[in-house]
Amino acid sequence: MVSMRRALRRGMLASALLVGLAALWLGVSHVLLSRGPVLGPKPAGALRIATHNIHYIVVGRGAGRWSDRAWDRRKQAADATFKALDADIVAFQEMESFSGGNDDHNNLARQWLLAQNPDYAAAAIGDWRAFPSTQPVFYRRARLAVVDQGWFFFSDTPDQIYSRTFDGSYPAFASWVAFRDRRNDTELRVLNVHLDYASAENRRKSTALIVEKLNQWRAEGRAVVLVGDLNARAGSSVLASLAQTGLSFLPVAGATYHLDRGLHLFGAIDHIGHTPEITPLAAPVVFRQKLTAVWPSDHYPVVADFTSD
């Protein structure tokens, strides 16, 4: 009788284990295989805007996932993804080749993508000693011309380059570019941001600085698109504060951060917001296609088409 009970318990445990494994597989299959809508052709005359956290490169420190050695594998994926977006504007975050300090003269990702895509140029860059250049905004030269550009740090001293954040952590900043659209001679400001992933207090204070800048531009009648990695989901206090300036955030469906594994564990943290002067033509697309054997980054690009006519 005892041996029979033991056998029954073992059978029940084995069945429960099989059910659990099946449920786990179904869940993993869902988060791995749910890729979302495919990006379609850009509508005639539309201005296509994208944001992409490309992940920094660590130079000369081994062969880890984000090392310069790994970049040799990732760079083809980065270029294939960039080309597939067919965007007029792509705002990048973490486009940095980090070897210690702030020296940015050898930016592997920026140099590679510009060399492979001669129809584009990079704005929000300059001499790294005077202009932080790790959040560039790529633009299609035939469509857009740069009117102005600038930056401010998420710091108690926002005009001091490379000043540390409010809690003393690594420097973080916003870059911005004013473009003239050659098609209709309108001006658009693109504000490219990357907020702290760990500190809610840093995000709150950084958002207050962004709001101050947006309110200034809105008072001047500027058309603005805010893009970037906000490390905040829809419904958060970050997006709510930014929306009070007149920004409308596009509804980004599903995950934009995927852990470099194609895993979709929580909602979008990469966003596109716009003022009323520029009108979205459709819902944004999270570009989840894996075009080579590796992902270009641990974030997906977010893409949207606009018109200002």
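See above for the structure.
Worth saying up front: this structure is predicted, and the values here are computed from it rather than measured.

Definitions and cut-offs
- Once a new chain begins, its residue numbering starts again from 1 and follows that chain's sequence as written.
- Restriction of local features to residues with pLDDT of at least 70 applies here, the model being predicted, together with a cutoff of 80 or more for giving and counting side-chain atom pairs; totals for whole chains, interfaces and linings are based on all residues.
- Only hydrogens and water are set aside when side-chain values are computed; all heavy atoms of the structure are taken into account.
- In this analysis the probe radius is 1.4 Å and the grid spacing 1 Å, with only protein atoms considered; a cavity is a set of points the probe fits into but cannot get out of, a pocket is an open set with protein on both sides within 12 Å along at least five of seven lines, and lining residues have an atom within 4 Å of a point.
- Grid points are joined across faces, edges and corners, and a volume is the space filled by probe spheres set on the points.
- In DSSP terms, a helix is any run of H or I states spanning at least four residues, a strand is any run of E spanning at least two, and both are numbered starting from the N terminus.
- Note on residue categories: nonpolar means Ala, Val, Leu, Ile, Met, Phe, Trp, Tyr, Cys or Pro, charged means Asp, Glu, Lys or Arg, and polar means any other residue, Gly included.
- The buried label applies to any residue whose accessible area, calculated with a 1.4 Å probe on protein chains only, is under 20% of its type's maximum; exposed applies above 50%, and partly exposed to all values in between.
- For two strands to be treated as a pair, DSSP must find at least two bridges joining them.
- Every angle, taken between N-to-C directions, lies between 0 and 180 degrees, and every axis is a line fitted to C-alpha atoms, over only the stretch in contact when it is a helix.
- Angles below 35 degrees are treated as roughly parallel, those above 145 as roughly antiparallel, those between 65 and 115 as roughly perpendicular, and all remaining angles as oblique.
- Each crossing gets its handedness from the near helix: less than a right angle anticlockwise from the far helix is left-handed, clockwise is right-handed.
- Residue contacts are counted whenever heavy atoms from the two residues lie within 4.5 Å of one another.

It is worth spelling out the layout of surface pockets at this point. Here the largest pocket is characterised by a volume of approximately 1300 Å³. For the largest pocket, the lining is made up of 40 residues, of which Tyr56, Glu94, Tyr170, Pro171 and His194 are closest to its centre. Among the elements of the structure, strand S4 (97-98) and helix H4 (200-219) are those that each provide at least two residues to the lining of the largest pocket. Of the residues that constitute the lining of the largest pocket, the class distribution is 16 nonpolar, 17 polar and 7 charged.

The next subject is the pairing of strand S15 (residues 302-307). Each regular strand shows side chains that alternate between the opposite faces of the sheet. Within S15, 5 of the 6 residues are buried, which leaves it mostly tucked inside the rest of the structure. Of the strand pairs in this sheet, strand S1 (residues 47-53) and S15 are connected by 5 bridges, and their pairing is antiparallel. Counterpart to Thr51 in the pairing with S15 is Val302. Relative to S15, strand S14 (residues 285-286) runs antiparallel, the two being bridged by 2 bridges. Bridging from a neighbouring strand, Val286 pairs with Val302 of S15.

To continue, consider the packing of helix H2 (residues 68-85) against helix H3 (residues 108-116). For any two helices packed against each other, one specifies the inter-axial angle together with the distance between the axes. Following both chains from N to C, one finds H2 and H3 inclined at 40 degrees, their axes separated by 10 Å at the closest point. Relative to H3, H2 is oriented oblique. Judged by the sense of rotation from one axis to the other, the crossing of H2 with H3 is right-handed. When H2 is examined against H3, the residues Asp68, Trp71, Lys75, Gln76, Ala78, Asp79, Phe82 and Lys83 are found in contact with a partner set consisting of Leu108, Ala109, Trp112, Leu113 and Gln116. Taken together, the residues of the contact of H2 with H3 break down into 7 nonpolar, 2 polar and 4 charged.

Any functional reading would require information beyond the geometric quantities listed.
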